[in-house]
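# Fold and contact review
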Amino acid sequence: MLQTVLLLVAVVQVCHGAACVDSNVQTCLQALEPVARNLNRTAIPGDTTLSVQVNVTFDAEKKDISICCKDYSYPAKTFSLNPLSSDLALAADTFTMPAVEFKSDGTLMGKYYTLLMVDPDVPFPTYGTDARPLQHWLIINMMDGNITSGHTVNGYRGPRPPNQSPHYYFYLLYEQQSLMDNNTPFKYNGSCSATCLFDVSAFRTENNLTLVGLNWMVSANDAYVNNSYVQSGSRTPKDVCQWTPGYADPCPTSTAAILLSKTVLCILIMSLAAAVINI
């Protein structure tokens, strides 16, 4: 499935270029719609017609991490998501809340909107499935396309894929017919938490929501994700490092470190010997 979609993305790139970072809203949306439909995801109805461009921009800070017997460095960078790109978005670069902007050839004024971010590729069905994905972000009652005017039901949680398979993360923008009660979204959650097994289809149909904007990224497990699991205590280093080449428990000592240790030991022995002779 992933290979097929990436092939379609490549064809779209050849025909339309980097359409969704283009200033022409209609060009982006026309290129995006067929790719979105071919993803065959429950959260994206087959008759979806997009009218709003959803721009998602990350401002990632520099990160240096030591885990799995290796050192990793992630440079600072600012970038916007382009769903028509086949590039993976590093979890390390998308872990903090992005800036989101909506653009339309029509008007956003006088309307309420909902922004929902979900992961339908969770490997644990008790937390999420394609039909009932794991919720990563939910804001309702955004007036005039202004994200700061909305009510945050659940704050942004960046990607943390626990397995080696890439995960899709969808940013879904819905137009509301009216103001929504702040407690309404909670009735669509699963029993495990306030974010797991979110019933997207029921949430959309029962509240008369229309999907008008869409963006997504594909992210995978990386050193930053593994380190966050270990730091939180939810997983052990052995759990998260099992796929890392060269990992051992304990970490193997480098040749340089061994030679340095031997040199220090020899100096200590010689110093002790000299002290004994002087006595």
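As a reminder, the structure under discussion sits directly above these lines.
Residues numbered from 1 in each chain as written. Predicted model: local features only at pLDDT ≥ 70, side-chain atom pairs only at ≥ 80, totals over all residues. Heavy atoms only, no water.

### Topic: the state of the cysteines
In the structure shown here, the tally under the stated rule is three disulfides. One disulfide in the model links Cys68 with Cys241; its S-S distance is 2.0 Å. Looking down the S-S bond of the Cys68 and Cys241 bridge, the torsion is -80 degrees, so its handedness is left-handed. Of this pair, Cys68 sits in the loop between strand E2 (63-67) and strand E3 (70-74) while Cys241 is found in helix H5 (residues 237-241), placing the two residues 173 residues apart along the sequence. Exposure class is identical for Cys68 and Cys241. Each is buried. (Disulfide = S-S within 2.5 Å. Helix = DSSP H or I, 4+ residues; strand = E, 2+ residues; numbered from the N terminus. Buried < 20%, exposed > 50% of the residue type's maximum accessible area, 1.4 Å probe, protein only.)

### Considerations on unusual backbone geometry
With an omega dihedral of 5 degrees, the bond running from Asp249 to Pro250 counts as a cis peptide bond. If you trace the backbone, Pro250 turns up in the loop between H5 and helix H6 (255-278). Phi at Cys69 is positive, roughly 65 degrees, even though this residue is not glycine. Looking at the element boundaries, Cys69 is found in the loop between E2 and E3. Backbone geometry at Asp144 places phi at a positive 60 degrees, although glycine is not the residue there. Within the element layout of this structure, Asp144 appears in the loop between strand E7 (134-143) and strand E8 (151-154).

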